[in-house]
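The chain contents come next:
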Amino acid sequence: LAGETIMSTIQTNAIVDASGGNTATVNGVTPNTHSVRGRNLIINGAMNVAQRGASVTIANTGAFSSPDHFRIQHNANTTSTVEQVSDVPASSNFKYSLKFTNGAGETRDGGDYARLYTRLEGYDTDHLKLGTSAAKGFTLQFWVKSSLTGTFGVGFAGHDNGSNGVYSASYTISAANTWEYKTITVPAATITAGIWTHTNGTAMSIHWDLGEGPTRSTSVGWNAGGNGGQMGLTNGVKLVETTGATLNLTGVKLEEGAIATEFDHRSYAEELALCQRYYHRSPTGVSYSYLGSGSAISSNSANVIYTLPVEMRSAPTFSASGNFQLNSNATNAVTTFTAGNITPYLVRMMPQGSSGNMTVGYSYDLRNVGDTSAYVQFDAEL
């Protein structure tokens, strides 16, 4: 009727555009594009957080990288670097990428390994029902740039790092030193096998093959695993064989389903808190900054309680680097730094010095000694 408003409810399973795609709009909003918050299971996929610093040197054993929650591991007899850099795709809204630069090239033989990987916690992937008859497929997307071209490998494995099965996939880099966007969909039917954790352990590892040897490589598809996990791609590009070869990565997103939706950018505070569940390093850059206060338990040692910024995945390991002192009615340079009663929330740090001039029961502050690079760190990485 003219001039009247009619209210009604429409219930439907899906809204699909006329061509069968995913661009239909409701009041000018494309649901697939704008309703993506919370879908990304990858932590720090935009490479914004780098608690370990802007650059990390990788020897022939491997190390967690800059940025956080990604790791380089290789047994090549060389030294490589991994950095947080501002080189990003021109058409994107990203600020940083991870850049791996290989050292001296080395041929991959037998069970050699070289990979860039990230791991997902079981609590975060439990809804995918991995390893069950109800398993759900998922899609990985990322931006990549390399000095080399060709077909590269990506592997997806459970908490046993692929020993009981891995899904191997491939992607192609067509132009050297050019950003390219890639998507990989893993069908549900392929991930009903294998061993997948559903609590606070490693549920899934995603490995970008940088140089897995022949016995650690396999063909595209679901494979039974073996040799510590066949995470590489047979006849794929092995980047660490080329001296000075580079690979950049950003915009990493893994989500349920067969459609790659728009990357959902978290705030820096959100991303930092997610990273700190696995790793926390005290801030640096300020001379004589304080880490906390405690009391002397002997003439040369004290208890200092350190409150972690978020609940960590598990009780972390503790280590310290740099020059510290205990300061009150006397100062005592810290020579030994240990910790005890460690929980995912609190850590009792036990700095010890050699001066022997502290008074039991007195309050003491723990601070760096003009060392702007000094820090304590707590590691509960997967």
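Computed from a predicted model, the values in this text were never measured in an experiment.

Trainee: Please clarify how the overall build of the protein should be interpreted in this entry.
Mentor: When helices and strands are counted, the protein shows three helices and 24 strands. Among the 382 residues that make up the protein, the fraction classed as buried is 49%. Partitioning the intrachain contacts of the protein with sequence separation of at least 6 by distance along the chain shows that 75% fall at a separation of at least 24. When the accessible area of the protein is evaluated, it comes to approximately 16,400 Å², of which 48% is carbon and sulfur surface.

Trainee: Got a minute to help me understand the pattern of salt bridges in this structure?
Mentor: Two side chains bearing opposite charge may form a pair once their charged atoms approach each other closely. Applying the stated criterion to the full structure yields 13 salt bridges. The salt bridge involving Arg108 is made with Glu106; its shortest N-O contact spans 3.1 Å. In this structure, Lys182 engages Glu180 in a salt bridge whose closest nitrogen and oxygen atoms are separated by 2.7 Å. Like Glu180, Lys182 is buried. Here the salt bridges share partners, and the residues they tie into one network are Arg39, Lys253, Glu255 and Asp264.

Trainee: Help me out: how do you make sense of the sheet that holds strand β5 (residues 97–101) in this one?
Mentor: The strands making up a sheet associate through backbone hydrogen bonding, with each pair oriented either parallel or antiparallel. Overall, antiparallel pairing links the six strands, which are arranged β1-β4-β5-β15-β7-β10 in an open sheet. Each edge of the open sheet carries a strand with a single partner, namely β1 (55–58) and β10 (180–186). The mean angle between the axes of side-by-side strands here comes to 25°, regardless of whether they run parallel or antiparallel. Where strand β7 (residues 138–146) lies against β10, seven bridges are found, and the strand directions are antiparallel. Looking at the pairing, Phe138 lines up with Val186 of β10.

Trainee: Honestly, the nonpolar core in this entry has me stumped. Any pointers?
Mentor: As a rule of thumb, soluble globular proteins bury nonpolar side chains together. If you look at the biggest cluster of nonpolar residues, it comprises 44 residues, and the most contacted ones within it are Phe142, Phe156, Ile206, Trp208, Leu249 and Leu254. With near-sequence residues (within four places) excluded, Phe142 lies in contact with Val154, Tyr171, Glu180, Tyr181, Lys182, Ile184, Trp208, Leu249, Thr250, Gly251 and Val252. Within the second largest apolar cluster, 21 residues are counted, among which are Leu291, Val347, Ala374 and Ala380.

Trainee: Is there a simple way to explain the packing of aromatic side chains in this structure?
Mentor: Between two aromatic rings, the relevant description is the distance of the centres plus the angle of the planes. With the rule as written, the count across this model stands at 13 aromatic pairs. Both rings, one in Phe318 and one in Phe378, keep their centres 5.5 Å apart while their planes meet at 45°; by these two values the pair is tilted. Highlighted residues: Phe318 in strand β19 (residues 317–321) and Phe378 in strand β24 (residues 375–379), separated in sequence by 60 residues. Accessibility assignment for this pair places Phe318 and Phe378 in one class, buried. Through a chain of ring-to-ring contacts, the aromatic side chains of Phe70, Phe142, Phe152, Tyr171 and Trp208 assemble into a single cluster.

Trainee: Which parts of the structure should I look at to understand unusual backbone geometry?
Mentor: The phi torsion of most residues other than glycine is negative, and most of the peptide bonds are trans. Although it is not a glycine, Asn44 sits at a positive phi angle of roughly 65°. Structurally, Asn44 can be placed in the loop between α1 (31–34) and β1.

Trainee: I tried to follow the pairing of strand β4 (residues 80–85) on my own but got confused; where do I start?
Mentor: For a regular strand, side-chain orientation follows a simple rule: the groups alternate between the two sheet faces. Here β1 runs beside β4; their pairing, made up of four bridges, is antiparallel. Bridge assignment links Val56 to a residue of β4, and that residue is Val82.

Trainee: Looking at this structure, how should I read the environment of Val186?
Mentor: Structurally, Val186 can be placed in strand β10. Since its relative accessible area comes to 0%, Val186 is described here as buried. The sequence separation of Val186 and Ala258 amounts to 72 residues, and the corresponding C-alpha distance is 7.8 Å. Ignoring any residue separated from it by four or fewer positions in sequence, one finds Val186 in contact with Gly137, Phe138, Phe156, Tyr167 and Ile191.

Trainee: Looking at this model, I keep getting lost on the sheet that holds β24. Mind explaining?
Mentor: With antiparallel pairing, the three strands of this open sheet are ordered in space as β16-β24-β19. Edge positions in the sheet fall to β16 (279–281) and β19, since each has one partner strand and no second. On average, each strand axis in the sheet is tilted by 15° relative to the strand beside it, whichever way the strands run. One ladder, built from five bridges, connects β19 with β24; its direction is antiparallel. Its bridge partner being in β24, Phe318 is matched across the sheet by Phe378.

Trainee: I'm lost on the environment of Tyr375 in this one. Help?
Mentor: By the secondary structure assignment, Tyr375 is in strand β24. By relative accessible area, Tyr375 is classed as buried at 16%. Sequence-wise, Tyr375 and Ser321 are 54 residues apart; in three dimensions their C-alpha atoms are separated by 5.5 Å. Not counting chain neighbours up to four residues away, the residues in contact with Tyr375 comprise Arg281, Ser282, Thr284, Ala320, Ser321 and Phe324. Side-chain polar atoms of Tyr375 contact the side chain of Arg281, separated by 3.3 Å.

Trainee: How should I be thinking about the side chain of Asn327 in this particular structure?
Mentor: Among the structural elements, Asn327 can be located in strand β20 (residues 324–327). Its relative accessible area of 16% is what places Asn327 among the buried residues.

Trainee: Looking at this structure, how should I read the pairing of strand β6 (residues 114–121)?
Mentor: Counted residue by residue, β6 has seven buried out of eight residues, so it is predominantly covered. Of the pairings in the sheet, the one linking strand β3 (residues 71–74) to β6 comprises four bridges and is antiparallel in character. Paired with Ile72 across the strands is Leu116, a residue of β6. Here β6 runs beside strand β11 (residues 202–209); their pairing, made up of seven bridges, is antiparallel. Bridge assignment links Tyr117 to a residue of β11, and that residue is His207.

Rules used throughout
- Residues numbered from 1 in each chain as written.
- Predicted model: local features only at pLDDT ≥ 70, side-chain atom pairs only at ≥ 80, totals over all residues.
- Heavy atoms only, no water.
- Helix = DSSP H or I, 4+ residues; strand = E, 2+ residues; numbered from the N terminus.
- Buried < 20%, exposed > 50% of the residue type's maximum accessible area, 1.4 Å probe, protein only.
- Contact = heavy atoms within 4.5 Å.
- Areas by Shrake-Rupley, 256 points an atom, 1.4 Å probe, with all protein chains shown as cover.
- Salt bridge = Lys/Arg side-chain N within 4 Å of Asp/Glu carboxyl O.
- Pairing = 2+ DSSP bridges.
- Axes fitted to C-alpha atoms, helices over the stretch in contact; angles between N-to-C directions.
- Core = buried A, V, L, I, M, F, W, Y, C linked by side-chain atoms within 4.5 Å.
- Phe/Tyr/Trp six-rings, centres within 6.5 Å; stacked < 30°, edge-to-face > 60°.
- Polar contact = N/O pair within 3.5 Å; in protein donor to acceptor, adjacent residues only side chain to side chain.

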